[in-house]
Amino acid sequence: MRWKTVSAIFFLVVLYLIIGATVFKALEQPYESAQKLAILAEKLKFLTMHPCVNSSELENLVKQVVSAVRAGVNPSGSLSNQTSLWDLSSSFFFAGTVITTIGFGNISPHTEGGQIFCIVYALLGIPLFGFLLAGVGDQLGTIFGKGIAKVEKMIVKWKVSQTKIRVISTLLFILFGCLIFVALPAVIFKHIEGWSTLDSIYFVVITLTTIGFGDFVAGEKGLEYLDYYKPVVWFWILVGLAYFAAVLSMIGDWFRVISKKTKEEVGEFRAHAAEWTANVSAEFKETRRRLSVDIYDKFQRAASIKRKLSSELGINTSMNQEMTPGKRTLSANLCEDREPYPNLTLSLSPVPGALTRNGSLYLNGLSPDYADRREIAIIENLK
Amino acid sequence: MRSLGKSWLLLTGFVLFYIIYLLFGALVFSSIERPVEEKLRHDMDLLREEFLNQSCVNAASLERFLVRVLKAHKYGVSVLRNSSETSNWDLASSMFFANTLVTTVGYGHTTPLSDAGKAFSIFYALMGVPFTMLVLTACVQRLMYPLVLAPVSLLQRSGLEPRPATMVHFLLLLLLVVLCFFLAPAAVFSVVEMSWTFLDGIYFCFISLCTIGLGDFVPATQPGQRYRALYQVGVMVYLFVGLMMMYLLLRSFHKMADLHGLTTFLQLPRCEESDPDEDREPIVDDEPRQPLPKDQAASKPLDPASQPSYNSINKG
């Protein structure tokens, strides 16, 4: 891509970010202020209700609690009924979020050893997962392609155009995939996790695009999960990622095609318009020139043929008004035959490339040497 | 038929290996982190006991209070005194958030609270993520020539064979990227951010540039940060350029793997020689572009060593 295109797209992205920023700010800041007020009110209420606690002690406690929660330890509740965040299944889940680059962040390593190991682990794991995803995407594509081929065979019987088939297959792909990978899991999450519909869809989209904020995480709450819940979630993430990769690259392709097509179309349109105007003006000029030359030519020819006729038939040139009906029709025919000639003389001259390309050669369907032959034939007949 | 069977075999092999890898990671993380967690939990219990003993607060009201505080904290709203001035949704922070959304890093230190915000995030991400990937790949394509192809040809002209030349170049590029995008920024972060160590800086750089984005370390979130807006913009620029360099690295690795026959051995799509032809590419005919993932996987090679998503945008 040329630098111009790249910088244009870059500015578009920056613009997109700025637009997003303003919209987010407008949507979220009021809520944030409301939350702040609410929590400060809580704090004041707590302090007034329990006058033996002073503000700084409370601050201290809150700081410690917050940093503990960041480390994953929830100080509410007692010690016994808490599951560890680093038991085997949760660690497995965490490893999965690292490798898929989703990175929820509800669990994260806090020891130095954990951080170093995380770096090394991700370095090896991300390409590995990339291979896996490529393979899964491939298989998914083949399965879907076969299904589409069958459907296309059916549709072809209805004599629908190729374009429509492609469009239908795209739509089918998107619809089907959305149903299996977005709608169904959203419903399941809504029931099992107790989220609202919007929250479930939000979680699905944020996870499958690998953004992974971590404000909603499946399997985080201490609910009674079925044994196979987490592995099924992991499997869904794998296949859903492949599907989302396909959809997002399709959107990217559309962007590309649209930008290219628009560029091409605009360029083509401009080129065509320029060409057309050039053709028309060239033709005009040529026509005018040829006509003026031709008229002179015709006049000369007419004059010479008349002279010949008059010399042969003994007609006085000064008395050319008196013609016998036969000679009049003859001269009329002669004049008639010269009607097509103006066009012919046009094509006789070496025209510029544009004119020939537009096929003005074929405007009349007559070839150049036809005129000469006809003229000669007439003159021969006269003799 | 044999190749089909072979590809299925390879796929199951990958899946098995992947599961084993995950299990291994789980074991190691568990054994490293769990003792520390236990200790922290124990400390918190002691803290609670201490607090409750010396004050008139009963356990229930403390619980209630703490739950509210933590819930607010999850959304980035803090109850501490000196953090009440800075908002998480002023223009620069919102832009930072939009950036993390669009590059799929997704720290999660601030998340949309309102329903409208969540709905908007969904659409914004669905449009913005492929858009960003397009930009990144476009930039990388332009950078391929001066940063990869020209040096490799230079190396070749100075006498090296093609294969070692690509390897030497790749190692040099790797060294350069690590120096400029991991070590140097980590040093800067460890100085600017009060509570980060050098290792924390490197950890943050790595987690961000791989777009994992756990969110345990996020710059510019300390209360009382000076020049916060400028700092955030700087981090955004760093993220963008860093992502570009990572893509470049992966692409040159892919080319090198191609040359060494790794990709054909693993039956993965090759890197297409599409750089100079990008502009002269035949325009799609009147039909809409074949969107089937099968065609995508076959014709537009998925870069296996790159991000697991949006590979097929990365043409070659």
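All figures in this text were calculated on a predicted structure; none of them were measured in a lab. (Residues numbered from 1 in each chain as written. Chains lettered and ligands numbered in written order. Predicted model: local features only at pLDDT ≥ 70, side-chain atom pairs only at ≥ 80, totals over all residues. Heavy atoms only, no water.)

Some points on the overall build of chain B
Thought 1: Tallying secondary structure elements over chain B gives 9 helices and 0 strands in all.
Thought 2: The helix and strand sequence of chain B, counted from the amino end, reads α-α-α-α-α-α-α-α-α.
Thought 3: Across the 316 residues in chain B, those meeting the buried criterion constitute 54%.
Thought 4: Sequence-distant contacts, at least 24 apart, represent 62% of the contacts inside chain B between residues at least 6 apart.
Thought 5: As displayed, chain B offers around 14,100 Å² of accessible surface, 68% of which is attributable to carbon and sulfur atoms. (Helix = DSSP H or I, 4+ residues; strand = E, 2+ residues; numbered from the N terminus. Buried < 20%, exposed > 50% of the residue type's maximum accessible area, 1.4 Å probe, protein only. Contact = heavy atoms within 4.5 Å. Areas by Shrake-Rupley, 256 points an atom, 1.4 Å probe, with all protein chains shown as cover.)

A word on the confidence of the model for chain B
Residue and element names in this part refer to chain B.
Thought 1: Mean pLDDT over chain B works out to 73, with 71% of the residues at or above the 70 mark.
Thought 2: Taken element by element, chain B is modelled with least confidence in helix 9 (residues 293–299), mean pLDDT 37, and with most confidence in helix 6 (residues 198–209), mean pLDDT 92.
Thought 3: Overall, residues 272–316 carries pLDDT values under 50, and its contacts beyond four positions in sequence, including any with other chains, amount to 132 contacts.
Thought 4: As scored by the predictor, the complex reaches a pTM of 0.67 and an ipTM of 0.72. (pLDDT = per-residue confidence, 0-100.)

Some words on unusual backbone geometry
Generally, phi is negative for residues other than glycine and the peptide bonds are trans, each holding for most cases.
All names here are of chain A.
Thought 1: Although it is not a glycine, threonine 101 sits at a positive phi angle of roughly 60 degrees.
Thought 2: Relative to the assigned elements, threonine 101 resides in the loop between helix 3 (88–99) and helix 4 (112–156).
Thought 3: For threonine 101, a relative accessible area of 1% gives the class buried.
Thought 4: In this model, threonine 210 sits at a positive phi of 60 degrees, which is unusual for a non-glycine residue.
Thought 5: Looking at where threonine 210 falls in the secondary structure, it is placed in the loop between helix 6 (197–208) and helix 7 (229–313).

Here's the deal with a nonpolar patch on the surface
Residues and elements named next belong to chain B.
Thought 1: There is a patch of nonpolar side chains on the surface, built from Met167, Leu171, Leu174, Val178, Leu179, Leu183 and Phe198 and spanning about 570 Å² of accessible area.
Thought 2: For the nonpolar patch, the element with the highest residue contribution is helix 5 (residues 162–192), accounting for 6 residues.
Thought 3: For methionine 167, the location among the structural elements is in helix 5.
Thought 4: For methionine 167, a relative accessible area of 37% gives the class partly exposed. (Patch = residues over 30% accessible without salt bridge, like charges linked within 9 Å, V, L, I, M, F, W, Y side chains within 5 Å. Salt bridge = Lys/Arg side-chain N within 4 Å of Asp/Glu carboxyl O.)

Structural notes on the nonpolar core
Thought 1: Phe189, Phe203 and Trp236 of chain A are the most contacted members of the largest nonpolar core, which totals 115 residues.
Thought 2: By residue number, the principal contributor to this core is helix 4 (residues 115–157) of chain B, which donates 15 residues.
Thought 3: If we skip the residues at most four places from it in the chain, phenylalanine 189 of chain A touches Gly194, Trp195, Ser200, Phe203, Val204, Ala218, Tyr229, Val233 and Trp236 of chain A. (Core = buried A, V, L, I, M, F, W, Y, C linked by side-chain atoms within 4.5 Å.)

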